[in-house]
Amino acid sequence: MRLFKNPQMKIGEIRIEDIKIDKTSKDDVPRLLAGLQSIYSDKELLKKISDIMMEEMLPEVNKKDGRQGMDFWQIFVLHILKRGANIDYERLRDYANSHIETRHFLGLSFEGGGIKLGLQTIKNNLGLMSEEVIKKINIEIVKHGHKLLPNNATSDLRVRGDSFVFKTGVEYPTDIGLLEDSLIGAITGIGKLCSKYKLNGWRESESAIRKAKRLKNKAQQSKKFRNKKNPDKYQEQTAKPHKKLISYALKILTKITNSKKEIEGAIEEATESIKSENEKGLKSLQKDKEKIDNIDFYIKEAERQINQIERRVINGEVIPHSEKTFSVYKTYTEWINKGKAGVPFELGVRVAVMEDSNRFILNHKIMYNQTDEKIAVSFLKDTKAMFPNISSISYDRGFWSKENLEGLKSLGVKVAMPKKGRLNKQDAERQNSDEYKNAKDKHSAVESAINALQHHGGDICRDYSKDKFESHVASSIISKNLIRIGDIIIEKEQKRLRRKKYTFQHHSLKQAA
């Protein structure tokens, strides 16, 4: 059973609207909680968020039956808090169990010891929020943030777009390192399945992993002593350790392939013998088939790396960039060179963001195997569908192409985008106009937004799956927007207190006179 938020309050629980937040603090958490309090106080907005989460999350599950699960509001609060404070799961668990204001926002209390959330419970529930759900919620939150501002600040939105590299947290990729990762993944997977189906051959799987690591380290160390001027010495010092690693890898892969066939046969027998009514058993067998598919992937990746090691080390070939992979576990990782000073390359995925002049991030796009100029028009088109009152757009030179300029103008917005290369007369007139210069002067503020985003979980993602990476990106965007709402509320409160203080002093002086 799942609820958005249990309406039945418990002993010691405080209404979220009545929670007192330290608005003098400069820390991220009070500002984030102020933003959450603001959206919870808007019942119309809260109903929209509730409908999105109840419909989109776990659509195949009947949310009215079964044992009580974590409320969707609690999942949302913890998800946003993890990104906004840029903390790991262990610290998030401590916040959920020990932080007074956080527990009040979760609808928990300290009475009678209170409910304590487990680490695995938090991990499992936070993984339920997808990028699509968070994007829909973000649209509603940005609209709520615009309502807190004067009408003249939100009637015509001036937006600016840019991209940055969202790191995936992988180590520097080498062919022998990727071969090691592939072997470890395959050995670990086949060892667990053999243990489950009581098949022999992998009792010492950990020993096999240690040997693979040892041979990899020897091959890695051999590069320090290579001498290509003396081919015999080079073969002895460098090629020989690599050949030993390849030989052992091929031996292990053959053994894994044979064991995999035995497991597939055992799964087929179990599938035939199991009854169709036994859903739990069928699901277990389906998961085992998925594990077999993962082992197949590791085998293919290991064979690819063996081929590249032979070509590079033994045959002296240069491997083309298009044939390389940069992570076995995070296959979506790209090698990106944006030409920044002191940053020769970055390992991650490009993410484009669209920020308005009120410092809200309206939209984002994860650019798998895409560059800036490929998404300039479509990105604005998608954002304009969410916020039709966009009146102007500014991009940097990386988004330039003649087709993009025409495409952006066709969307009915004013465009500030510098041309690459030499300017002709028409482009010079366009870029010398006061309107263009004004937009370009304010464009650099998007770099500040990206920097703020990177301080709120938008710098590096440690999760492995592609879905969790996308969810991580989206939740860092929404946490940044909630902190912005918190800043607006705190700024208004501080202005009110200053005005009240001045009024009190004015009346006191008048009475004294």
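Of note in this structure, Arg359 is not a glycine but carries a positive phi near 70°. Looking at the element boundaries, Arg359 is found in the loop between strand 3 (346–356) and strand 4 (361–367). Its relative accessible area of 45% is what places Arg359 among the partly exposed residues. The phi torsion at Asn369 lies on the positive side, around 55°, for a residue other than glycine. Among the secondary structure elements, Asn369 is positioned in the loop between strand 4 and helix 13 (372–386).

Moving on to the side chain of Ser471. Its location among the elements puts Ser471 in helix 18 (residues 466–512). Look past the residues within four positions of Ser471 in its chain and what remains in contact with it is His79, Met129, Glu131 and Ile134.

Another aspect to go through is the nonpolar core. In this structure, Met53, Phe76, Ile137 and Tyr395 are the most contacted members of the largest nonpolar core, which totals 75 residues. For this core, the leading source of residues is helix 3 (residues 72–84), giving eight residues. In this structure Ile137 touches Ile49, Ile52, Met53, Phe76, Met129 and Ile478, once residues within four positions along its chain are discounted. Counting 39 residues, the second largest nonpolar core, distinct from the first, contains Leu183, Ile190, Tyr298 and Val313.

Attention now moves to the packing of aromatic side chains. Per the counting criterion, the structure on display carries 15 aromatic pairs. Here the aromatic rings of Trp335 and Phe345 are separated by 4.1 Å at their centres, their planes lie at 15°, and the arrangement is stacked. With Trp335 in strand 2 (residues 334–336) and Phe345 in the loop between strand 2 and strand 3, the pair connects residues that are ten residues apart, well separated along the chain. Three or more aromatic residues link up through ring pairs in this structure, and these residues are Phe164, Phe166, Tyr332, Tyr368 and Phe469. For Lys330, the ring lying beneath its charged end belongs to Tyr464, and the centroid distance is 5.2 Å.

Reading guide: rules and limits
Residues numbered from 1 in each chain as written. Predicted model: local features only at pLDDT ≥ 70, side-chain atom pairs only at ≥ 80, totals over all residues. Heavy atoms only, no water. Helix = DSSP H or I, 4+ residues; strand = E, 2+ residues; numbered from the N terminus. Buried < 20%, exposed > 50% of the residue type's maximum accessible area, 1.4 Å probe, protein only. Contact = heavy atoms within 4.5 Å. Core = buried A, V, L, I, M, F, W, Y, C linked by side-chain atoms within 4.5 Å. Phe/Tyr/Trp six-rings, centres within 6.5 Å; stacked < 30°, edge-to-face > 60°. Lys NZ or Arg CZ within 6 Å of the ring centre and 35° of its normal.

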